[in-house]
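What the coordinates show
Each chain, written out:
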Amino acid sequence: MNAQTINYAIFGLLAAVTLMSALIVASTRSIMHAAFWLFPVFAGIAGFYLFLGAQFLSAIQVLIYIGAILVLIVFAVTLTRNSMDPEG
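Definitions and cut-offs
Residues numbered from 1 in each chain as written. Predicted model: local features only at pLDDT ≥ 70, side-chain atom pairs only at ≥ 80, totals over all residues. Heavy atoms only, no water. Helix = DSSP H or I, 4+ residues; strand = E, 2+ residues; numbered from the N terminus. Buried < 20%, exposed > 50% of the residue type's maximum accessible area, 1.4 Å probe, protein only. Contact = heavy atoms within 4.5 Å. Expected span 1.5 Å × (residues − 1). Axes fitted to C-alpha atoms, helices over the stretch in contact; angles between N-to-C directions. Parallel < 35°, antiparallel > 145°, perpendicular 65-115°, else oblique. Left-handed = near helix turned anticlockwise from the far one by under 90°. Nonpolar A, V, L, I, M, F, W, Y, C, P; charged D, E, K, R; others polar. Patch = residues over 30% accessible without salt bridge, like charges linked within 9 Å, V, L, I, M, F, W, Y side chains within 5 Å. Areas by Shrake-Rupley, 256 points an atom, 1.4 Å probe, with all protein chains shown as cover. Salt bridge = Lys/Arg side-chain N within 4 Å of Asp/Glu carboxyl O.

1. Here we look at the environment of Phe39
Turning to its location among the elements, Phe39 is positioned in helix 2 (residues 31-51). In this structure Phe39 comes out as partly exposed when scored by relative accessible area, which is 42%. When the C-alpha positions of Phe39 and Leu70 are compared, they lie 7.3 Å apart, and in sequence the two are 31 residues distant. In contact with Phe39, other than residues within four places in its own chain, are Ile66 and Leu70.

2. So, helix 2
In this model helix 2 runs 30 Å from its N-terminal to its C-terminal C-alpha over 21 residues, within 8% of the 30 Å that 1.5 Å per residue would give. Those residues of helix 2 that fall on the buried side of the exposure criterion are Met32, Ala34, Ala35, Leu38, Pro40, Val41, Phe42, Gly44, Ala46 and Gly47. Its buried side turned inward, helix 2 meets helix 1 (3-27) and helix 3 (55-79). Of the residues trailing helix 2, Gly53 is marked for its positive phi of about 85°.

3. Focus on the packing of helix 1 against helix 2
Axis separation between helix 1 and helix 2 bottoms out at 8 Å; the angle between their running directions is 150°. Comparing their axes, helix 2 and helix 1 come out roughly antiparallel. Crossing angle aside, the handedness with which helix 1 passes helix 2 is left-handed. Contact residues: helix 1 offers Asn7, Ile10, Phe11, Leu14, Ala15, Val17, Thr18, Ser21, Ala22, Ile24 and Val25, while helix 2 offers Ala34, Trp37, Leu38, Pro40, Val41, Gly44, Ile45, Gly47, Phe48 and Phe51. In terms of residue class, the contact of helix 1 with helix 2 is built from 16 nonpolar, 5 polar and no charged.

4. Regarding a nonpolar patch on the surface
Where nonpolar side chains cluster on the molecular surface, the patch consists of Met1, Ile6, Ile10, Phe11 and Phe51 and spans about 530 Å² of accessible area. It is helix 1 that provides the largest number of residues to the nonpolar patch, a total of 3 residues. Along the chain, Phe11 turns up in helix 1.

5. Notes on the side chain of Ser21
Within the secondary structure layout, Ser21 lies in helix 1. For Ser21, a relative accessible area of 3% translates into the label buried. If we skip the residues at most four places from it in the chain, Ser21 touches Trp37, Pro40 and Val41.

Given below as structure tokens:
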């Protein structure tokens, strides 16, 4: 196996994981499950940036989207889950 074949295999695996996770995010009925399935989507995009040789964009993807936005979504969902409950 040469390096080009290995690169194609890694790219295909990365694309499959990213696309399947994105489909699950779009099709799940639970917003909490959708928020958790965003992690492999964001990680896959960071992997694509690494493939392109853009290490800075990959680091920004991990720090901002995985580290901040995803955590913000999870906290927002957990803290406002019962705010629309008339008995609460």
